[in-house]
Amino acid sequence: MTPAHLTHAIRQHRDLPLTEIGLYPNLADALQAWQQSEGCRAPRTVDPLLLPQALLPYVMLLDFEQSPTSLRVRLAGTELCAKYGGELKGHTTAEFFAMPDARHVMETAVKVARLGIPSLALRNYVNMDGKLWSYVRLVAPLSRSGTHIDGFFKVLDPSTLRQVA
């Protein structure tokens, strides 16, 4: 396990301007799929047929659980489950992220829900096994009612995924 002081020092989240999404063609296609999905304020879901096949193993659908204090996984791609070591569906983010990372994921979800616009970011995080990973990800709001944001479409760009330490 990574020592706590080192874990804190190497954890990173850097918001990227959405205008830079063209640097990540797969994520640009994912954003376009989200924009083309049916919905008023936010779509109910994203049509997987509109997504690049390379992204499907890295897609996650998350829902606010009872109130905007935790997120529960509705769907997780096969590569995400493999990195976790098992099925993620039904788990909360606090169960598979270290607490500081789970808290940050929650803060991002609340911000995306409040603003109603997608978030692009570079993330370094320490998984539960103490390994440091880096990737660029997109989080976009979803709404089952079409008016109230209660879920999220999250996808990471596999071409940016790497184990750092």
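Residues numbered from 1 in each chain as written. Predicted model: local features only at pLDDT ≥ 70, side-chain atom pairs only at ≥ 80, totals over all residues. Heavy atoms only, no water.

Draft legend 1. Here's a closer look at the overall build of the chain. Scanning the chain from N- to C-terminus turns up five helices and seven strands. Mapped in sequence order, the helices and strands of the chain form the string α-β-α-β-β-α-α-α-β-β-β-β. Looking at the 165 residues of the chain, the share that counts as buried comes to 49%. Within the chain, residue pairs in contact and separated by at least 24 positions form 56% of the contacts whose partners lie at least 6 positions apart. If you sum the accessible surface of the chain, you get close to 8400 Å²; carbon and sulfur atoms cover 56% of it. (Helix = DSSP H or I, 4+ residues; strand = E, 2+ residues; numbered from the N terminus. Buried < 20%, exposed > 50% of the residue type's maximum accessible area, 1.4 Å probe, protein only. Contact = heavy atoms within 4.5 Å. Areas by Shrake-Rupley, 256 points an atom, 1.4 Å probe, with all protein chains shown as cover.)

Draft legend 2. Structural detail: helix α2 (residues 25-36). In this model, α2 (12 residues) spans 16 Å end to end at C-alpha, consistent with the 16 Å of a helix rising 1.5 Å per residue. Turning to α2, its buried residues are L27, A30, L31, A33 and W34. One side of α2 carries all its buried residues, which in axial view fall inside an arc of 160 degrees. Of the residues in α2, the exposed ones pointing more than 90 degrees away from the buried face are P25 and Q35. (Expected span 1.5 Å × (residues − 1). Arc of directions from axis to C-beta.)

Draft legend 3. Structural view of empty space enclosed by the protein. Across all of its chains, the model carries one cavity of 30 Å³ or more by this definition. Quantified by volume, the largest cavity comes out at close to 100 Å³. In terms of residue count, helix α5 (residues 99-115) provides more of the lining of the largest cavity than any other element does, four residues in total. Grouping the amino acids of the lining of the largest cavity by side-chain chemistry returns seven nonpolar, two polar and three charged. (1 Å grid on protein atoms, 1.4 Å probe; cavity = no way out; pocket = protein on both sides within 12 Å on 5 of 7 lines; lining within 4 Å. Points joined across faces, edges and corners; volume = space filled by probe spheres on them. Nonpolar A, V, L, I, M, F, W, Y, C, P; charged D, E, K, R; others polar.)

Draft legend 4. Seen up close, the pattern of salt bridges. Scanning the model with the defined rule gives five salt bridges in all. Notably, a salt bridge pairs D63 with R144, separated by 3.4 Å at the nearest N-O pair. Here the residue D63 occupies a position in strand β2 (residues 59-65), and R144 occupies one in the loop between β5 (132-142) and β6 (151-156), the gap between them amounting to 81 residues. Look at R144 and you get partly exposed, because its relative accessible area is 45%. (Salt bridge = Lys/Arg side-chain N within 4 Å of Asp/Glu carboxyl O.)

Draft legend 5. Fine view of the side chain of T93. Mapped onto the elements of the fold, T93 is located in helix α4 (residues 93-96). With relative accessibility at 4%, the residue T93 sits in the buried group. Residues within four places of T93 in sequence aside, it is in contact with L62, L71, A102 and V105.

Draft legend 6. Geometry of the nonpolar core. Core analysis: the biggest nonpolar cluster contains 26 residues, and M60, F64, L71, V73, L88 and F152 have the highest contact counts within it. Of all the elements in the fold, those that place two or more residues in this core are β2, β3 (67-76), α3 (78-84), α5, β5 and β6. In terms of residue count, α5 provides more of this core than any other element does, six residues in total. Excluding its chain neighbours within four sequence positions, the residues that come into contact with F152 are M60, L61, L62, F64, L71, A109, V112, A113, V139, A140, P141 and L142. A33, L51, L55 and L138 belong to the second-largest nonpolar core, a separate cluster that totals 21 residues. (Core = buried A, V, L, I, M, F, W, Y, C linked by side-chain atoms within 4.5 Å.)

Draft legend 7. A look at the environment of P48. Here P48 is to be found in the loop between α2 and β2. Between the alpha carbons of P48 and A30 there is a distance of 9.3 Å; along the sequence they are 18 residues apart.

Such coordinate-based values are descriptive only and should not be taken to indicate function.
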